[in-house]
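Here's the letter readout for the chains.
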Amino acid sequence: EDQVTQSPEALRLQEGESSSLNCSYTVSGLRGLFWYRQDPGKGPEFLFTLYSAGEEKEKERLKATLTKKESFLHITAPKPEDSATYLCAVQSGIQGAQKLVFGQGTRLTINP
Amino acid sequence: GAGVSQSPSNKVTEKGKDVELRCDPISGHTALYWYRQRLGQGLEFLIYFQGNSAPDKSGLPSDRFSAERTGESVSTLTIQRTQQEDSAVYLCASSTRTRKDTQYFGPGTRLTVL
């Protein structure tokens, strides 16, 4: 069964203090690993898709990396507006398997 | 263009009543998904529609849950005889049919069963 575990559950940082969020996964043939951002009371907002080990993607202060067992979301010099819950999800490569399997998320708070 | 829209945004109902939740996908997106998010938890897959293919219902938690989709447009998720454990945010997502099919989410419907 596909599984995703995110750590830590919650993280508090000072503005400008860089850190990383972890997403460990087991999946039957990875088709894609997805990162989303979710603000309170809203739906998840797409950030990145990673398809193969060694791949990296960047957007503003965020950088996502992927290995065969885990993905990291690196946040460089964060600002208070980066406060949100960050969700990781995997999609299996099994024929016909379209659903995303999500982790429970990391709740990130950036203090000014 | 417009994103995924869902209605209502909030629904409060009494235990035992039926509810219908609606999702309008992004225009041109052939795939549509429903997920459930309980308070403080990750998203759970419920059901997936792709064109005229038979839907993947493997995530529906009980026979009280059903969903329909008209062609490649609107979908409704129906919960019959609601129970308190059905209280959650119900999220809809849509994607294109290409291999690299990113799912884009709507704002969700918050369901509260009293």
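The structure displayed is predicted, hence computed values, not measured ones.

## Structural notes on the interface of chain A and chain B
The partner chain B presents 18 residues to the 19 residues of chain A that form the contact. Interface area, chain A with chain B, both sides summed: about 1600 Å², of which 53% is carbon and sulfur. Here chain A is connected to chain B by zero salt bridges. Across the chain A-chain B interface, the total number found is three residue pairs in polar contact (both at pLDDT 80 or more). Looking at the side of chain A that touches chain B, the elements with two or more residues in it are strand S4 (30–38), strand S5 (45–50), strand S9 (84–92) and strand S10 (100–102) of chain A. Among the elements that make up the side of chain A that touches chain B, the one with the highest residue count is S4(A) (four residues). Each residue belonging to the side of chain A that touches chain B can be placed in one class, and the counts come to eight nonpolar, eight polar and three charged.

## Quick notes on the environment of B:His29
All names here are of chain B. Within the secondary structure, His29 is located in the loop between strand S3 (19–24) and strand S4 (31–37). A relative accessible area of 9% places His29 in the buried class. For the pair formed by His29 and Arg97, sequence separation is 68 residues and the distance between their alpha carbons is 7.2 Å. Beyond its immediate sequence surroundings of up to four residues, His29 is in contact with Arg69, Glu72, Ser94, Ser95, Thr96 and Tyr104. Of the polar contacts made by the side chain of His29, one reaches the side chain of Ser94; its length is 2.8 Å.

## Section: the state of the cysteines
Residues and elements named next belong to chain A. Under the defined criterion, the tally for this structure stands at two disulfides over all chains. Here Cys23 is linked by a disulfide to Cys88, with a sulfur-sulfur distance of 1.9 Å. Here Cys23 and Cys88 share a disulfide; its torsion about the S-S bond, -65°, makes the bridge left-handed. Highlighted residues: Cys23 in strand S3 (residues 19–26) and Cys88 in strand S9, separated in sequence by 65 residues. Overall, Cys23 belongs to the buried group, its relative accessible area being 0%.

Criteria and cut-off values
- Residues numbered from 1 in each chain as written.
- Chains lettered and ligands numbered in written order.
- Predicted model: local features only at pLDDT ≥ 70, side-chain atom pairs only at ≥ 80, totals over all residues.
- Heavy atoms only, no water.
- Contact = heavy atoms within 4.5 Å.
- Buried area = accessible area lost by both parts, 1.4 Å probe.
- Salt bridge = Lys/Arg side-chain N within 4 Å of Asp/Glu carboxyl O.
- Polar contact = N/O pair within 3.5 Å; in protein donor to acceptor, adjacent residues only side chain to side chain.
- Helix = DSSP H or I, 4+ residues; strand = E, 2+ residues; numbered from the N terminus.
- Nonpolar A, V, L, I, M, F, W, Y, C, P; charged D, E, K, R; others polar.
- Buried < 20%, exposed > 50% of the residue type's maximum accessible area, 1.4 Å probe, protein only.
- Disulfide = S-S within 2.5 Å.

By themselves, these are just geometric observations and shouldn't be taken as functional.
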